[in-house]
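# Commentary on secondary and tertiary structure
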Amino acid sequence: MSETLFSYKTRGGSSPDNKPKVYFTCHPDDFDRYFDSVCNDIFESQDCVIFYTPDMGMALSDPNIHVDLERMNLFVIPVTYKYLTSGNRAMDFDYRFAQRKHIPVLPLMMDSGIEDIYSKPENFGELQYIKPYDTDLTAIDYKDKLKKYLESVLISNELAERIRKTFDAYIFLSYRKKDRKYANELMKLIHRNPKCEDIAIWFDEFLTPGESFRENINKILKDSKLFTLLVTPSLLERHSDGSPNFIMKEEYPAAKKQGKRIFPAEMEYTDKDALRREYEDIPECTNTRDDEEFNKRLLDSLVGIAISENNDDPEHNYLIGIAYLKGIDVEIDAARGVRLITKAADADLPEAMNELSLMYTFGVFVLPDYKLSLYWNRRLYEYYAKTLGEYDEGTLCSLNNLALAYAKTGDYKKSLELQEKCFELEKEHLGEEHPKTLTSLDNLATAYFFRKNFKRSLELTQKCYLLMCRVFGEEHPDTLISLNNLAIDYEANEDYKTSLKLHKECYALRCKVLGEEHPDTMKSLHNLAHIYGKNGDLNKKLELYKKCYELRCRVLGEEHSYTLMSLSNLASAYDDIGDYKKSIVLYEKLYLLMCKILGNENPDTINVLNDLATVYYADEDYKTSLKLHKECYELRCKVLGEEHLDTLYSLSNLANAYAMLKFHKKSIELFEKLYFSKCKIFGEEHPDTLVSLNNLACSYVKIKEYKKSIVLYEKLYFLMCKILGNENPDTINVLNDLATVYYADEDYKNSKEMYEKHYFVMCKIFGEEHPDTLVSLNNLASSYAEIKEFKKSIVLYEKLYFLMCKIFGDDNSDVLNTLSILATAYSTVKEYKKSIVMFEKLYYLMCTKLGNDNPYTLFSLYNLAVVTVLDGNRPKGLDLFRCLYFSFQKLYGNDDLNTKKIERIILKLQSELGNQ
């Protein structure tokens, strides 16, 4: 008997016989990275056999190989960017084969950022995946998810034994391995007859050499009621040395010796005389192409074999259904398996109801259907509650599952209600310190957390942690998980100080209990670094991220996904403290590693390129930033498409980079493209579209095309009023921008109207003493001055000055500037006496605040002198100019232009006053 092209791996190198069959396939470049770790993860919870081809690029065109694949219980596929985007057998053949044959597929999402490509209909669509390297601190552990999934797909030895005992009879199927493609066909022909549905067919495990079962062949034949011989011309072939093949030499003679009925089934025309010569007393062959003849001969051969009438036995239907689902001594026939299990579930068999709930939850053998999963979970809970009572362990477990099923359908209110009920029942029946009660309490806290009710989640997690400390002790691994959850809850409630205290405690205990190189300890170190950042201690955050990165390099290697994540965190930490040079060095190292491991077109790699471009921007190296942002944008266009959100984000970055280098026309071109793309994708009223419209309007301001900018700001303001209302802070900001652009365009009338509207709404929303309201009042006063309405302008400036004095004090720099503007405004309308009073006050305050010889103080003295002269008091004005002259002479010397200017004014005044 020949072997197939497959190799296999088992737990501890044990025999593959009678174990569930898992098929591992991947992109050729991913095999060395993931095969061993995935196998080890599977073996932690399942005693199965994992088949694979050592060469992941070899073609699987042999139809016999397809039969082997069809017998697999599960396909496991590490999903990477390369797997999804480059031609490879694992995607183009293996996965498609599993789809056609309705074999369960478990995708393991090894790269992040590829979800959009993954979910395309031509790829995996809505098929659920498990993510081994999830960065979400609150996510359910990968191995827990994997264990639950495998338990729903594979089968235990105990269940397999129950199934084998429930079959009515066994048929021994003998065939040449080169005819393997016919084996499944013949099995289906036999089982097509309803009377044979409960008959199992024994045939060798396809990978196991003949020697592995030769010594057991007598036992297997003894337990079989019929010896079925698959007849093709290959049955007549001998080995190259002329010796008989295995069936001639071993199987057929053994069947004859035990007196078994022989049922030859001809799948290809075969020389009957030659058959009779090689196989002594062989009965007449049955023509498998003639259904009527085949069924008659088959049933005749089975006469005397007890075919029980047990179609109404739910357990029997369930077990036979599982056999067809998972290929236990029959061919895999998912439709038949689901039909039989559903029949058993309809008859209230708990195992069957539970099986259907899992199948419809995970989409195993059927399409995912959360409503049907909910239906069967509800049926199961009602059955247990009625037959076993509310406090039974099975009832409580099913109640918890029912709560989770409601959550899957989006009915979170009902889900929480049932989880609360489950916890209360377990507390009442088992006590609040029972491990199952504590698990239920933890589940309830988690449910509140994911519903963003962080306050309630915190209350429950606190209670859970205190109870676990009392029951297990504070150093128990489960207690430490609860402590970690408690720290995360405090963070979610924005109590960062308490969160830091708990993360420090959790890290210290995990170092003590697990060692600092344990994966959970390194996660705690990562969490601790993160929360230091939340507390504003960026240097400590940097120190711990550095330590975490060095640990993961040593323990996991520098190319492991977690290590790369730590390198990214470290680069980001340097960015946070403004050490852009070190951040750039690390991001460049990360980018090179990502290119090597994942390729430069992997979405995660492109994300790192974007981060690198952003840090160059922060470091004011705008040329390099522009180059990298351009490369990032082009890659995202190619990989994700022009309309993907990440691509549009890159387009925005690129437009900003062009603007910083003063390539304003190119920047505007890109901002226009971005705006129209968002209009197309989201509609013109979407928040992201409005941000792009604002950026475009602002870009036109930079090149002083105010008319175009005004048109866009007018449109933006109208849309913001419509969507958010005219009193929304963002809407108010846009109104201010519009007024400012009108002002820049010297359209002071419209500017005044906009500023008036802006000031009114600012007073209403924030009050007239709010700093931003005062800025608005200043702008409004300035607009009135520009349209020559000086009296109105002065009234507003007086109000502004009074409010600013009240809020900031009369010697505040901004208040002094407002006093200067008001004094000048009075001078403009020739109210010189009021102007003089204010300039005198200004000069006094400036002398007190800045000193007599400060340039700003001297400028206020100059204004006072000018207004004094304008008011007709030339002698006093002359004295002030002389005082100013001596100060300028002292500070700048006689040859300074300003000194000479003051000297000329003094000479002119002296002349006018007739002084020599």
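Calculation criteria
Residues numbered from 1 in each chain as written. Predicted model: local features only at pLDDT ≥ 70, side-chain atom pairs only at ≥ 80, totals over all residues. Heavy atoms only, no water. Buried < 20%, exposed > 50% of the residue type's maximum accessible area, 1.4 Å probe, protein only. Helix = DSSP H or I, 4+ residues; strand = E, 2+ residues; numbered from the N terminus. Pairing = 2+ DSSP bridges. Right-handed = clockwise from strand over helix to strand, strands pointing away. Disulfide = S-S within 2.5 Å. pLDDT = per-residue confidence, 0-100. Contact = heavy atoms within 4.5 Å. Expected span 1.5 Å × (residues − 1). Polar contact = N/O pair within 3.5 Å; in protein donor to acceptor, adjacent residues only side chain to side chain. Axes fitted to C-alpha atoms, helices over the stretch in contact; angles between N-to-C directions. Salt bridge = Lys/Arg side-chain N within 4 Å of Asp/Glu carboxyl O. Phe/Tyr/Trp six-rings, centres within 6.5 Å; stacked < 30°, edge-to-face > 60°. Lys NZ or Arg CZ within 6 Å of the ring centre and 35° of its normal.

To continue, consider the pairing of strand 7 (residues 199–202). Side chains Ile 199 and Ile 201 project from strand 7 onto one buried face, and the interleaved Ala 200 and Trp 202 project onto a second face that is buried too. As defined by bridge partners, strand 6 (residues 169–174) adjoins strand 7 across four bridges and the pair is classed as parallel. Bridge assignment links Phe 172 to a residue of strand 7, and that residue is Trp 202. Between the parallel elements strand 6 and strand 7, the chain passes through helix 8 (residues 180–192) in a crossover that is right-handed.

A few words now on the sheet that holds strand 6. Reading across from one edge, 7-6-8-9-10 is the order of the five strands in this open sheet, with parallel pairing throughout. Edge strands, defined here as strands with exactly one partner in the open sheet, are strand 7 and strand 10 (286–287). Where strand 9 (residues 262–266) meets strand 10, two bridges bridge the pair, whose relative direction is parallel. Paired with Ala 265 across the strands is Thr 286, a residue of strand 10.

Moving on: the state of the cysteines. By the definition in use, this model includes zero disulfides. As a non-bridged cysteine, Cys 548 has Cys 553 as the owner of its nearest cysteine sulfur, 9.9 Å distant. Accessibility expressed as a relative area gives 0% for Cys 548, which makes it buried.

Here the focus is the confidence of the model for the protein. Per-residue pLDDT for the protein has a mean of 89; in total, 96% of the residues score no lower than 70. The weakest mean pLDDT in the protein belongs to helix 9 (residues 211–214) at 48; the strongest belongs to helix 23 (residues 496–514) at 96. Considering only residues more than four positions removed or in separate chains, one finds that residues 206–212, a stretch of pLDDT under 50, has 20 contacts.

The backbone of Phe 365 sits at a positive phi, close to 70°, despite the residue not being glycine. Looking at where Phe 365 falls in the secondary structure, it is placed in the loop between helix 16 (350–362) and helix 17 (370–387). Located in the positive-phi region is Lys 830, a residue other than glycine, with phi close to 65°. Mapped onto the fold, Lys 830 is located in the loop between helix 38 (813–828) and helix 39 (832–850).

Right, let's talk about helix 37 (residues 790–808) for a bit. Along its 19 residues, helix 37 runs 26 Å from first to last C-alpha, staying within 8% of the 27 Å computed at 1.5 Å per residue. All of the buried residues in helix 37 are Ser 793, Ile 794, Leu 796, Tyr 797, Leu 800, Tyr 801, Leu 803 and Met 804. Note on helix 37: the residue one or two positions beyond its end, Gly 809, has a positive phi of about 95°.

Relative to the assigned elements, Asp 111 resides in the loop between strand 5 (105–109) and helix 5 (115–118). One polar contact links the side chain of Asp 111 to the main-chain amide nitrogen of Tyr 81, over a distance of 2.9 Å. At 2.9 Å, the side chain of Asp 111 and the side chain of Asn 602 are in polar contact.

Now for the sheet that holds strand 1 (residues 7–10). One open sheet holds the five strands; their spatial order is 1-3-2-4-5, and the pairing between them is mixed. Every interior strand has two partners, whereas the edge strands, strand 1 and strand 5, have only one. For this sheet the average axis-to-axis angle between neighbouring strands, irrespective of direction, equals 25°. One ladder, built from three bridges, connects strand 2 (residues 21–24) with strand 3 (residues 49–52); its direction is parallel. The partner of Val 22 across the bridge, within strand 3, is Ile 50.

Moving on, we get to the pattern of salt bridges. The final tally for this structure, using the stated rule, is 58 salt bridges. Among the charged side chains, a salt-bridge network with shared partners connects Glu 197, Asp 333, Arg 336 and Arg 339.

Turning our eyes to something else, we now look at the packing of aromatic side chains. Under the defined criterion, the tally for this structure stands at 30 aromatic pairs. Judged by centre distance (4.7 Å) and plane angle (20°), the rings of Phe 31 and Phe 35 are stacked. With Phe 31 and Phe 35 both in helix 1 (residues 31–43), this residue pair falls four residues apart, about one helical turn. On the accessibility criterion, Phe 31 (15% relative accessible area) is buried. Its relative accessible area of 5% is what places Phe 35 among the buried residues. Ring plane angle 5° and centroid distance 4.7 Å describe the contact between Tyr 118 and Phe 124, whose orientation is recorded as stacked. Note on accessibility: Tyr 118 and Phe 124 belong to one class, buried. Sitting over the ring of Tyr 175, Lys 177 keeps its end group 4.0 Å from the ring centre. In this arrangement the basic side chain of Arg 336 is found over the ring face of Tyr 324, its NZ or CZ atom lying 4.7 Å from the centre.

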